Amino acid sequence: MRKFAFLFLLLSFSSHLQAAGNIEVQTVPSGARIYLQYLDDGDIKIPKDQSGLRTQDPRFQNGPAYAGNSPLRIDMIGIGRFRVVAELDGYEKASEEALVYDEQTTTVRLELNRKLHNPEWSGDASPTDGEPQFTVEISMKTDAGPVPVFTNISEIIYQGPDNRKNIIDKTAVIENKTPPSFSGGITDTKFYIRNLSGNWYVIAQMDEEPSFTLELKVYDAAQNVVHSDRTTGAYEILSVYNWEISR
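Residues numbered from 1 in each chain as written. Predicted model: local features only at pLDDT ≥ 70, side-chain atom pairs only at ≥ 80, totals over all residues. Heavy atoms only, no water.

### Thoughts on the packing of aromatic side chains
All chains considered together, the criterion is met by three aromatic pairs. Measuring from ring centre to ring centre gives 5.5 Å for Tyr 38 and Phe 82, while their planes differ by 65°; the resulting arrangement is edge-to-face. Note that Tyr 38 is positioned in strand S2 (residues 33–40) and Phe 82 in strand S5 (residues 80–87), a separation of 44 residues in sequence. Residue classification places Tyr 38 among the buried positions, given a relative accessible area of 18%. (Phe/Tyr/Trp six-rings, centres within 6.5 Å; stacked < 30°, edge-to-face > 60°. Helix = DSSP H or I, 4+ residues; strand = E, 2+ residues; numbered from the N terminus. Buried < 20%, exposed > 50% of the residue type's maximum accessible area, 1.4 Å probe, protein only.)

Dropping the structure here:
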């Protein structure tokens, strides 16, 4: 009987030998690489009788460290404030800080945004009097040659000098409801967005056909190509921003 009582007390005491909690990380989409870093105690109070029993997972105390791919759960990670970072190819990095408490599980859910392609330099913007203006040319092609732009593009989004966002899709082109600065036609293989100045941006998104190539070119007022970017594949995005051109 004494041996049983001693064993019970030993087990009860051992459950409090380490003051630590658990963390669970979920991402949308899943499969992201997760990095964790212990920041500080997060002002989390621990009973005095357990203050000397506090522990932290040593992997995450000296800067961000790889923990695994999402969805991910780590038990007995420690107590305090942690930084959670998620990385996935093709997506912007996402991060969040989380508090982990003793004998509790903290769940962190991160949504990752698609990464936009960085335009490639192909020249310098020509100097112009006043604020420079640009024209963005949008085209599509296959191995056989050019195809109508809106055969398989989902949408083009752009913000002009008035800072208003314009969304152009197949229906808008077919019904001829595009803004005056946006020129082209449903049978054209190229579309132009003209007279862009100030803080503007253009985003063109591919639809489902993986064999099409989507291309953007940016012309300055002297009709020099100052930027170009292209991508091939389904659901790909191309973007271009004037502050990247004129920097």
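### Description of the nonpolar core
The biggest cluster of nonpolar side chains holds 27 residues, and the ones touching the most others in it are Val 136, Ile 138, Ile 153, Ile 156 and Val 202. Those elements giving two or more residues to this core turn out to be strand S9 (134–142), strand S11 (153–159), strand S14 (190–196), strand S15 (201–206), strand S16 (213–219) and strand S18 (237–241). Among the elements that make up this core, the one with the highest residue count is S9 (four residues). Those residues in contact with Val 202, other than ones at most four positions away along the chain, are Val 136, Ile 156, Ile 157, Tyr 158, Ile 193, Leu 196, Leu 238, Ser 239 and Val 240. Counting residues in hydrophobic clusters, the runner-up holds 22 residues, among them Val 25, Phe 82, Val 84 and Ala 86. (Core = buried A, V, L, I, M, F, W, Y, C linked by side-chain atoms within 4.5 Å. Contact = heavy atoms within 4.5 Å.)

### Quick look at unusual backbone geometry
Residue Pro 29 follows Val 28 across a cis peptide bond; omega there is 0°. Tracing the backbone through its elements, the reader meets Pro 29 in the loop between strand S1 (21–28) and S2. Across the junction of Ser 70 and Pro 71, the peptide omega takes the value -5°, indicating a cis bond. Tracing the backbone through its elements, the reader meets Pro 71 in the loop between strand S3 (65–69) and strand S4 (72–78).

### Topic: the confidence of the model for the protein
Counting all residues, the mean pLDDT for the protein is 77, and 78% of those residues have values of 70 or more. Within the protein, strand S7 (residues 105–111) carries the highest mean pLDDT (95), whereas helix H1 (residues 2–14) carries the lowest (40). Taken as a whole, residues 1–17 scores under 50 in pLDDT and shows five contacts with residues more than four places along the chain or in a different chain. Counting contacts from residues 118–128, a segment whose pLDDT is below 50, to residues more than four positions away or on other chains yields 30 contacts. (pLDDT = per-residue confidence, 0-100.)

### Concerning the pattern of salt bridges
A full pass over the atoms with the stated rule returns 11 salt bridges. A salt bridge links Arg 73 to Asp 75; the shortest N-O distance between them is 2.8 Å. For Asp 75, a relative accessible area of 44% puts it in the partly exposed group. One salt-bridge network, held together by shared partners, links Asp 40, Arg 81, Arg 83 and Glu 97. (Salt bridge = Lys/Arg side-chain N within 4 Å of Asp/Glu carboxyl O.)

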